[in-house]
Amino acid sequence: MVNSDTSTVGIVGAGAMGRGIAQVAATGGCNVLLYDARSEATTEAINFIGGMLDRAVEKGRMTSENADAAKARLTGADDLAAFAETDVVIEAVSEDIELKAKVFSALEQATRPDCILASNTSSLSITRLAASCDHPERVAGFHFFNPVPLMPLVEVIAGIRTDQEVIDKLVALGEIMGRTPVRVADAPGFLVNQVGRGYTLEATNLVAEGVADFAAVDRIMRDAAGFRMGPFELLDLTALDVTHPATVEIYEQSYHEPRFRPAMLMGQRMQAGLLGRKTHQGHYTYLDGKQQKPEEPDAPAFEGGTFWVEPGEDCAALQEIVRASGAELDEGDRPGADSFILITPLGTDASTHAAQAGLDPERTVAVDPLFGFAGRRTAMKTIVTRPDVMRKTHAMLASDATPVTPIQDSPGFVAQRIVAMITAIGAGVAQNRIATPDDIDRAVKLGLNYP
């Protein structure tokens with residue numbers, strides 16, 4: 001039985017993930033045995049966890065009594081034989097299927113028949129890993145996120161032959177550890193890593209198509225769509241040599257599902273060594289660890305003009321922006337011969353929308369309405385919008401000091417395309433019964449910090 005009073009948790013691997021799992025297990029009330037093939041790593045991890053607990057006491061996040069109790073529950077193991085009486089063993093070694101299979105084979109020999117064997121793998125198939133064991137029914141995935149003490153989510157992954165009771169017990173253990181568990185069926189990338197592909201892949205495709213540059217996409221997704229980090233800031237943080245190979249693996253495992261198709265530009269930048277923060281150069285450059293952001297160009301000065309806004313759901317809000325700028329609002333049923341034309345398409349590009357509505361594409365600029373017009377405005381030209389029209393529209397939209405990002409013609413702007421891809425992948429996860437809609441929403445908020 002898994003509960004905070006009796007659970008003894010073994011952990012194999014004392015790296016960043018292993019020691020993080022050990023910390024939350026110990027603070028949750030579990031007795032923890034930590035083992036690493038390199039004994040020095042075990043000692044270093046235990047000392048590191050002790051330091052983290054002391055820091056938590058100093059900051060008032062836990063009492064000294066609770067910290068001392070957690071430290072007392074944490075013990076180093078000399079070999080896997082020490083796991084003979086553990087209730088659960090969590091494997092947290094390198095992402096190498098052959099290495100993990102060897103660890104699980106050894107754990108089967110070292111543990112009781114009712115001991116749960118769980119892998120912290122972020123991308124390898126639980127079903128495939130369990131197939132290397134004599135008793136695959138007791139094998140499951142228990143995927144934490146880095147840094148473990150700060151990331152509240154854990155994915156509990158069932159392989160094809162995993163016993164349901166094993167999943168129930170791991171869900172309970174995750175709660176004991178202070179995490180929020182989500183139940184996931186075995187699938188390439190599980191839940192979070194599947195949905196997370198949409199954010200960075202679609203953003204990279206947008207740049208490759210010349211719709212906008214890296215910084216512009218990041219600004220739009222932060223300021224307009226409300227994401228904490230832009231996709232290219234995130235890629236620089238996670239590093240391309242981690243993200244791109246994982247994408248390739250998910251694509252291959254999913255039998256070339258088109259939504260997971262790797263981005264050529266991402267692969268090329270990885271080959272060029274532009275990995276991100278750890279190489280001091282990625283989509284941005286980094287000096288002394290600090291991101292060097294390119295300055296956003298100043299908006300043109302607004303010198304007046306006449307603007308016609310296409311009727312629709314967002315017409316009134318855009319008309320109010322025109323009035324507030326001091327521009328003249330053309331209130332005719334159709335635009336006057338000299339009026340600049342504003343449209344607010346959803347899902348279509350500016351050129352197609354203008355053609356379908358019978359509007360002059362040379363005088364037309366599209367404004368993204370999806371997230372409103374308060375944080376940042378995205379202005380998209382048709383393929384033939386006159387430069388003076390784009391410049392004056394940019395100036396008018398920015399006249400109240402709201403930042404404006406001009407982009408090239410593209411179906412769905414920037415935010416619409418990226419959010420649509422995320423939503424499509426999430427819907428696929430639900431449709432394929434990998435996870436429930438509630439767990440999908442919970443996971444992307446806690447695991448990806450999506451708004």
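For the structure itself, look to the data block above.
The model shown is predicted, which means the values in this text are computed figures rather than measured ones.

Asker: Could you clarify how one ought to interpret the overall build of the chain in this entry?
Answerer: Within the chain one finds 16 helices and 16 strands. Projecting the C-alpha coordinates of the chain onto the three principal axes gives extents of approximately 85 × 45 × 40 Å. Residues classed as buried in the chain amount to 52% of the 451 residues present. Counting contacts in the chain only where the partners sit at least 6 residues apart, residues at least 24 apart contribute 69% of the total. Carbon and sulfur atoms provide 50% of the accessible area of the chain, an area that totals close to 20100 Å². Across the chain, the mean location of the 40 positive side-chain charges is 2 Å away from that of the 61 negative side-chain charges.

Asker: For this particular structure, what's the right way to read the environment of Arg128?
Answerer: Looking at the element boundaries, Arg128 is found in helix α5 (residues 126–130). The class for Arg128 is exposed, based on a relative accessible area of 53%. Residues Arg128 and Pro411 lie 283 residues apart in sequence; the distance between their C-alpha atoms is 40 Å.

Asker: I would appreciate a short explanation of the packing of helix α8 (residues 214–224) against helix α9 (residues 231–238) in the present structure.
Answerer: The packing of two helices is summarised by the inter-axis angle and the distance between the axes. Two numbers describe how α8 lies on α9: the axes approach to 7 Å, and their chain directions differ by 110°. Here α8 lies roughly perpendicular to α9, going by the angle between them. Here α8 contributes Phe214, Val217, Asp218, Met221 and Arg222 to the contact with α9, which in turn contributes Pro231, Phe232 and Glu233. Looking at the contact of α8 with α9, its residues break down into five nonpolar, no polar and three charged.

Asker: Help me understand unusual backbone geometry, please; the structure alone is not making it clear to me.
Answerer: Negative phi values dominate among residues other than glycine, just as trans dominates among peptide bonds. The omega angle of the peptide bond from Asn146 to Pro147 is -5°, so this bond is cis rather than trans. Tracing the backbone through its elements, the reader meets Pro147 in the loop between β6 (139–144) and β7 (153–158). If you check the backbone angles, Arg433 has positive phi at about 60° while not being a glycine. Taking the relative accessible area as the measure of exposure, Arg433 reaches 72% and is therefore exposed.

Asker: Please explain the sheet that holds strand β16 (residues 404–407) as it appears in this structure.
Answerer: Within a sheet, neighbouring strands are paired by backbone hydrogen bonds and run either parallel or antiparallel to one another. Reading across the sheet, the six strands line up as β12-β11-β13-β14-β15-β16 and stay open at both edges, with mixed pairing between neighbours. Because the sheet does not close on itself, it has two edges, and the strands there are β12 (328–330) and β16. Mean inter-strand twist for the sheet, computed between neighbouring axes without regard to direction, equals 30°. Sheet topology places strand β14 (residues 364–367) next to strand β15 (residues 377–381); three bridges connect them, and they run antiparallel. In the sheet register, Val367 faces β15, and the bridge partner there is Ala379. Sheet contacts for helix α12 (residues 315–325): β11 (306–309), β12, β13 (340–343), β14 and β15; angle to β11, the most-contacted strand, approximately 170°.

Asker: What is the right way to look at the packing of aromatic side chains in this model?
Answerer: Two descriptors summarise a pair of aromatic rings, namely the distance from one centre to the other and the angle between the planes of the rings. One pass over the structure, following the stated rule, counts seven aromatic pairs. On the basis of an interplanar angle of 65° and a centroid distance of 4.8 Å, the ring pair of Phe214 and Phe232 is categorised as edge-to-face. Pair noted here: Phe214 is in helix α8 and Phe232 is in helix α9, with a separation of 18 residues, a long-range link. The two residues Phe214 and Phe232 agree in class, both being buried. When the ring of Phe302 is compared with that of Phe307, the centres are 6.5 Å apart and the planes differ by 45°; the resulting orientation is tilted. A relative accessible area of 0% means that Phe307 is categorised as buried. Through a chain of ring-to-ring contacts, the aromatic side chains of Tyr199, Phe227 and Tyr450 assemble into a single cluster.

Asker: Before we go on, may I ask you to explain the side chain of Asp218 in this structure?
Answerer: Tracing the sequence through the fold places Asp218 in helix α8. Lacking a salt bridge, the buried Asp218 has Arg222 as its closest oppositely charged neighbour, with an N-O distance of 4.8 Å.

Asker: Just checking my understanding: could you explain the side chain of Asn193 for this structure?
Answerer: Within the fold, Asn193 resides in helix α7 (residues 192–208). Among the residues examined, Asn193 registers a relative accessible area of 19% and is labelled buried. Ignoring anything within four residues of it in the chain, the contact list for Asn193 reads Ser122, His143 and Ile250.

Asker: Teacher, can you tell me more about the pairing of strand β2 (residues 31–35) here?
Answerer: For a regular strand, side chains alternate in direction, first toward one face of the sheet and then toward the other. Judged by how many residues are buried, β2 sits mostly within the fold: four of five residues are covered. Two strands pair when backbone bridges link them, and strand β1 (residues 8–12) and β2 are joined in this way by five bridges, in the parallel orientation. Bridging from a neighbouring strand, Val9 pairs with Val32 of β2. In the classification by handedness, the crossover that spans β1, the intervening helix α1 (residues 16–27) and the parallel β2 is right-handed. Relative to strand β3 (residues 74–76), β2 runs parallel, the two sharing three bridges. Within the sheet, the bridge partner assigned to Leu33 lies in β3 and is Thr75.

Asker: Would you explain α7 in this entry?
Answerer: Each turn of an α-helix holds 3.6 residues, which means side chains three or four residues apart point in the same direction. Taking 1.5 Å per residue as the helical rise, α7 with its 17 residues ought to reach 24 Å, and the 25 Å between its terminal C-alpha atoms agrees with that figure. Taken across its 17 residues, α7 has 15 buried, putting it largely inside the fold. Directly beyond the C-terminal end of α7, a positive phi value near 80° is found at Gly210.

Asker: What am I meant to see in the pairing of β15 here?
Answerer: Across the five residues that make up β15, a large majority, four, are buried. When β15 meets β16, the two strands line up parallel, connected through four bridges. What sits directly across from Arg377, in β16, is Val404. Between the parallel elements β15 and β16, the chain passes through helix α14 (residues 387–397) in a crossover that is right-handed.

Reading guide: rules and limits
- Residues numbered from 1 in each chain as written.
- Predicted model: local features only at pLDDT ≥ 70, side-chain atom pairs only at ≥ 80, totals over all residues.
- Heavy atoms only, no water.
- Helix = DSSP H or I, 4+ residues; strand = E, 2+ residues; numbered from the N terminus.
- Buried < 20%, exposed > 50% of the residue type's maximum accessible area, 1.4 Å probe, protein only.
- Contact = heavy atoms within 4.5 Å.
- Areas by Shrake-Rupley, 256 points an atom, 1.4 Å probe, with all protein chains shown as cover.
- Lys, Arg positive; Asp, Glu negative; His and termini not counted.
- Charge placed at Lys NZ, Arg CZ, Asp CG, Glu CD.
- Axes fitted to C-alpha atoms, helices over the stretch in contact; angles between N-to-C directions.
- Parallel < 35°, antiparallel > 145°, perpendicular 65-115°, else oblique.
- Nonpolar A, V, L, I, M, F, W, Y, C, P; charged D, E, K, R; others polar.
- Pairing = 2+ DSSP bridges.
- Phe/Tyr/Trp six-rings, centres within 6.5 Å; stacked < 30°, edge-to-face > 60°.
- Salt bridge = Lys/Arg side-chain N within 4 Å of Asp/Glu carboxyl O.
- Right-handed = clockwise from strand over helix to strand, strands pointing away.
- Expected span 1.5 Å × (residues − 1).

Keep in mind these values describe shape, not function.
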